[in-house]
Amino acid sequence: MEILKVQNLSKIYGSGETAVKALTDVSFSMEKGEFAAVVGASGSGKSTLLNCIGGLDRPTSGSILLNGEDVLSMKEEQRTIFRRRNIGFVFQSFQLIPELNVEQNIMFPMLLDYRKPEKQAMEELLETLGLVDRRKHLPGQLSGGQQQRVAIGRALITRPLLILADEPTGNLDSGGSRDVMDLLVTASRKYSQTILMITHNMNLTASVDRVLNVTDGRLTDLGGKRNEKLS
């Protein structure tokens, strides 16, 4: 089942002689439950790609379909609500609310929609995250790896169509990085969660289904497990 379809996506900053092409005719798709990594040098356009897909930036041209819905055709308010309900974000800097405990931070996206998660669903997620005994702790009382697990839980709680992870291990040591990658892989397998992750660490791509490379705004599919299954 196709969850994400990106077609001929381009992004140009500025105009005339000072124009910068951040993305050029990028096209790819992702299936439900697929875990893909986007790699590339700093300034290659991979963060711009993630921001455009997540509705945080608007491309110059092209289309983005999420579960068949044309994201770019939506009005701003409609797109904001759609993004909140269907896209989960995991950032390098965690971006937790310091005054809220673990459980409250995880359920925060649902509270914005005036909803609360089912108790059983929350318990199962806390168990998966390994945070049952930390549920009432504030972010400042957690390690970096634990904080990132909370951020992943916040992205998972709405069971979104797509999770966008921007350098999720960038602020972690090697042990914390392994834990976060293991958790993302678990989420992909256990919940059939579709995940698109940016990383500069090629060692992390061994765990994903497919690797996409962005160079000077152009995307190349480097293949992976998904392609092997199709061949």
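Residues numbered from 1 in each chain as written. Predicted model: local features only at pLDDT ≥ 70, side-chain atom pairs only at ≥ 80, totals over all residues. Heavy atoms only, no water.

1. A few points about the layout of surface pockets
Alright, step 1. By volume, the largest pocket is sized at about 400 Å³.
Alright, step 2. Contributing to the lining of the largest pocket are 17 residues, with Arg 84, Ile 87, Phe 89, Pro 109 and Arg 154 lying nearest its centre.
Alright, step 3. For the lining of the largest pocket, the secondary-structure elements that each account for two or more residues are helix H2 (76-86), strand E6 (87-91), helix H3 (102-111) and helix H5 (144-156).
Alright, step 4. A total of four residues in the lining of the largest pocket trace back to one element, the largest contributor, which is E6. (1 Å grid on protein atoms, 1.4 Å probe; cavity = no way out; pocket = protein on both sides within 12 Å on 5 of 7 lines; lining within 4 Å. Points joined across faces, edges and corners; volume = space filled by probe spheres on them. Helix = DSSP H or I, 4+ residues; strand = E, 2+ residues; numbered from the N terminus.)

2. Some thoughts on the sheet that holds strand E10 (residues 218-223)
Remark on secondary structure: sheet strands pair via backbone hydrogen bonds, oriented parallel or antiparallel.
Alright, step 1. Spatially, E6-E7-E8-E3-E9-E10 is the arrangement adopted by the six strands of the open sheet, whose pairing is mixed. Each of the sheet's edge strands pairs with one partner strand only, and the pair in question is E6 and E10. Averaged over all adjacent pairs, the angle separating strand axes in this sheet is 20°, with direction ignored.
Alright, step 2. Note that strand E9 (residues 210-215) and E10 share five bridges and pair antiparallel. Its bridge partner lying in E10, Asn 213 is registered against Thr 220. (Pairing = 2+ DSSP bridges. Axes fitted to C-alpha atoms, helices over the stretch in contact; angles between N-to-C directions.)

3. A word on the sheet that holds strand E4 (residues 61-66)
Alright, step 1. The strand order across the open sheet formed by four strands is E2-E1-E4-E5, and the pairing between neighbours is antiparallel. Because the sheet does not close on itself, it has two edges, and the strands there are strand E2 (20-31) and strand E5 (69-70).
Alright, step 2. The pairing of E4 with E5 spans two bridges and is antiparallel. Following the sheet pairing, Leu 65 is matched in E5 by Asp 70.

4. As for empty space enclosed by the protein
Alright, step 1. On inspection of all chains with the given rule, the structure shows one cavity of 30 Å³ or more.
Alright, step 2. A volume near 40 Å³ is recorded for the largest cavity.
Alright, step 3. What lines the largest cavity is Leu 50, Asn 51, Leu 56, Phe 89, Val 90, Phe 91, Leu 164 and Asp 166.
Alright, step 4. Counting residues per element, the lining of the largest cavity draws most heavily on E6, at three residues.

5. A word on the environment of Lys 75
Alright, step 1. Considering the arrangement of structural elements, one finds Lys 75 in the loop between E5 and H2.
Alright, step 2. The spatial distance from the C-alpha of Lys 75 to the C-alpha of Ala 36 is 29 Å, given a sequence separation of 39 residues.

6. Observations concerning the nonpolar core
Alright, step 1. Counting 37 residues, the largest nonpolar core has Phe 35, Ile 106, Leu 184 and Met 197 as the members making the most contacts within it.
Alright, step 2. Elements with a contribution of two residues or more to this core: strand E3 (35-39), H3, helix H4 (119-129), H5, strand E7 (162-166), helix H6 (174-190) and strand E8 (195-198).
Alright, step 3. For this core, the leading source of residues is H6, giving six residues.
Alright, step 4. Each residue touching Leu 184, except ones within four places of it in the same chain, is listed here: Phe 35, Ile 152, Pro 168, Ile 195 and Met 197.
Alright, step 5. By size, the runner-up hydrophobic cluster in this structure holds 29 residues, among which are Leu 4, Leu 49, Ile 53 and Leu 72. (Core = buried A, V, L, I, M, F, W, Y, C linked by side-chain atoms within 4.5 Å. Buried < 20%, exposed > 50% of the residue type's maximum accessible area, 1.4 Å probe, protein only. Contact = heavy atoms within 4.5 Å.)

7. Re the environment of Leu 72
Alright, step 1. Within the secondary structure, Leu 72 sits in the loop between E5 and H2.
Alright, step 2. Not counting residues up to four positions away in its chain, the partners in contact with Leu 72 are Arg 58, Pro 59, Gly 62, Ser 63, Ile 64 and Arg 79.

8. Re the packing of H5 against H6
Alright, step 1. The contact between H5 and H6 brings their axes to 10 Å, and the two run at 15°. As far as their axial angle goes, H6 and H5 are roughly parallel. Where H5 crosses over H6, the two elements pack in a sense that is right-handed. Of the residues in H6, those touching H5 at Gln 148, Arg 149, Ile 152 and Leu 156 are Val 180, Leu 183, Leu 184 and Ala 187.
Alright, step 2. Among the residues forming the contact of H5 with H6, the class breakdown is six nonpolar, one polar and one charged. (Parallel < 35°, antiparallel > 145°, perpendicular 65-115°, else oblique. Left-handed = near helix turned anticlockwise from the far one by under 90°. Nonpolar A, V, L, I, M, F, W, Y, C, P; charged D, E, K, R; others polar.)

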